[in-house]
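The lines below spell out each chain.
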Amino acid sequence: MSMTDPIADMLTRIRNAGQAGHEKVDIPASRMKIALARIFKEEGFIKNYKVIKDNRQGILRIYLKYDSNNRPLIRRIERVSRPGLRIYAGYDELPRVQGGLGVAVISTSKGILTDRQARKLKVGGEILCQIW
């Protein structure tokens, strides 16, 4: 796993932890990853998150959420834009994930937003990931 794409690394760790049934997963923190965690929580995909100070960049701890059958609420979580292939879209071209059941996370001039928020604010940007 290359650390040239810390976002892909974060998504992979969340995916693997969910499949393994873990309660939580620790990820090296960054402003971008904390913003992603905030959206995942607002959209109900994770229980909670917190940033733990260490003497380096800090640790982002994500508390996973499961349904009544102990299946992770995050069914799919995928990187869209990558360092080698950036994917941008205007607000009118933003993807609707799983007919609106999922969320695309967009990095815009107004911050990290869901596709719904970006459409409402009429801003496009880089499509970081999709989650459903």
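Everything discussed here concerns the structure shown above.
Residues numbered from 1 in each chain as written. Predicted model: local features only at pLDDT ≥ 70, side-chain atom pairs only at ≥ 80, totals over all residues. Heavy atoms only, no water.

1. Some words on helix α1 (residues 6-19)
The test is simple: Only runs of H or I of at least four residues qualify as helices and only runs of E of at least two qualify as strands under DSSP, and these elements are numbered from the N terminus. Helix span is expected to be 1.5 Å times the residue number reduced by one. Between buried and exposed lies partly exposed: a residue is buried under 20% and exposed over 50% of the maximum accessible area for its type, with that area taken using a 1.4 Å probe on protein chains only. Should any heavy atoms of two residues lie within 4.5 Å, those residues are counted as being in contact.
With 14 residues, α1 ought to run about 20 Å at 1.5 Å a step, and its terminal C-alpha atoms sit 20 Å apart, in line with that. Within the sequence span of α1, burial applies to Ile-7, Asp-9, Met-10, Leu-11, Thr-12, Ile-14, Ala-17 and Gly-18. Turning to α1, the residues buried within the fold contact β1 (24-28), α2 (31-42), β3 (59-64), β4 (77-79) and β8 (125-131). Just downstream of α1 lies Gly-21, where phi reads positive at about 75 degrees.

2. Digging into the side chain of Arg-61
What counts here: Polar contacts, as used here, are pairs of N or O atoms within 3.5 Å; protein pairs need one atom able to donate a hydrogen and one able to accept it. Residues neighboring in sequence count only if both atoms are side-chain atoms.
Position of Arg-61 among the secondary structure elements: in strand β3. In this structure the side chain of Arg-61 is engaged in a polar contact, spanning 2.7 Å, whose partner is the side chain of Asp-26. Contact partners of Arg-61, with chain neighbours within four places excluded, come to Lys-24, Val-25, Asp-26, Asn-48, Tyr-49, Lys-50 and Ile-52.

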